[in-house]
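# Examining the three-dimensional arrangement
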Amino acid sequence: MTLQQTVPEPGALTIGTDGAIGGGTGGYDKRLGELRGVYIDDGAFEAAVAQQGEDGLAYRVEEHRNVEGPGALIVGTSTLLPGRVGEEFALTRGHLHAKSDRAELYYCLSGRGVMLLETISGQSRAIPMSPGEAVHVPGHWVHRSVNVGEEPFVSLFCYPADAGQDYALIAEAGGMAQLVVTDGDGGWTTRPNPRHVGYRSATS
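Residues numbered from 1 in each chain as written. Predicted model: local features only at pLDDT ≥ 70, side-chain atom pairs only at ≥ 80, totals over all residues. Heavy atoms only, no water.

## Overview of the pattern of salt bridges
To be explicit about the condition: Salt bridge criterion: a side-chain nitrogen from Lys or Arg within 4 Å of a carboxyl oxygen from Asp or Glu. Think of it this way: any DSSP run of H or I at least four residues long counts as a helix, any run of E at least two long counts as a strand, and we number them from the N terminus. When a residue's accessible area, from a 1.4 Å probe over protein chains only, is under 20% of the maximum for its type it is buried; when over 50% it is exposed; and in between it is partly exposed.
Tallied over the full model, the rule gives 13 salt bridges. Between Lys 30 and Glu 34 there is a salt bridge; the shortest N-O distance is 3.4 Å. A salt bridge links Glu 172 to Arg 200, with the nearest nitrogen and oxygen atoms 2.6 Å apart. Taken as a pair, Glu 172 in helix α3 (residues 168-172) and Arg 200 in the segment after β15 (188-192) lie far apart in primary sequence, 28 residues in all. On the basis of relative accessible area, Arg 200 is assigned to the partly exposed category, the value being 29%. Because the salt bridges share partners, they merge into one network encompassing Lys 99, Asp 101, Arg 102 and Asp 162.

Spelled out as structure tokens, the structure:
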């Protein structure tokens, strides 16, 4: 096998502030009905579903992944639509990487958001993001994007291709320990999640 056969081609991409990726290899849409149980106010969630439908778009992910395995990277965008469910701002499911020591970079392309981060041991951070600002998420941090603005919150992300995602960790804990909610004055704040029962230990 020659060197030419084993080395993958570089990926030439165009990335728009709307999250569109020219040269991407795939992606997915997350529908509102798929987020049942993620928000704290079940009644407000069901009212939102009644208004928007189970198939109402919550957020979209576009990706470029042309290599798998150790050393490879996945590059993509997350476009999280604005809104609130009860007092909570629109959010993604969030995750810890299945290989929990894997890090991730998020860079805000447009909109206004918050990166909510927590460790298994109980540390918590809420970092605001606006265009041109980035968050480098170290390994061992659970993380979730939250849209606290009035337009789509669009982020560019990059993480190791072998990282994987553990979504069940958050669900089993009753949600993340902190909620990002309206402060009643046009801004946002955090408050403890009364459903949170603590995280299990990460497996790797």
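Anyway, onward from the coordinates.
## Things to note about the side chain of Glu 88
What counts here: When charges are counted, neither His nor the chain ends are considered; positive counts come from Lys and Arg and negative counts from Asp and Glu. Whenever a nitrogen or oxygen atom comes within 3.5 Å of another N or O atom, the pair is scored as a polar contact, on the condition that within protein one atom can donate a hydrogen and the other can accept it, and that pairs from neighbouring residues in sequence are kept only if both atoms are in side chains. Residue contacts are counted whenever heavy atoms from the two residues lie within 4.5 Å of one another.
Mapped onto the elements of the fold, Glu 88 is located in strand β7 (residues 88-91). Salt bridges are absent for the buried Glu 88, whose nearest opposite-charge side chain, Arg 144, sits at 5.2 Å. There is a polar contact of 2.7 Å between the side chain of Glu 88 and the backbone nitrogen of Ile 40. If we skip the residues at most four places from it in the chain, Glu 88 touches Tyr 39, Ile 40, Asp 41, Gly 83, Leu 179, Val 180 and Val 181.

## A word on the sheet that holds strand β11 (residues 134-137)
Basically, it comes down to this: We treat two strands as partners when DSSP finds at least two bridges between them. Only the stretch in contact is used when fitting a helix axis, every axis being a line fitted to C-alpha atoms; angles between N-to-C directions are given from 0 to 180 degrees.
If you walk across this open sheet you meet the six strands as β3-β4-β5-β13-β8-β11, and the pairing is antiparallel. The two strands at the open ends of the sheet, each matched to only one other strand, are β3 (26-31) and β11. For this sheet the average axis-to-axis angle between neighbouring strands, irrespective of direction, equals 20°. Strand direction decides the pairing type here: strand β8 (residues 104-110) and β11, joined by four bridges, are antiparallel. Bridged to Tyr 107 within β11 is Ala 134.

## Considerations on the pairing of strand β13 (residues 153-160)
Side-chain direction in a regular strand flips from residue to residue, so the side chains alternate between the two faces of the sheet. Direction of pairing for strand β5 (residues 73-80) relative to β13: antiparallel, over a ladder of eight bridges. Note on β13: the bridge partner recorded for Leu 73 is Pro 160.

Any link to function would need more than the numbers given here.
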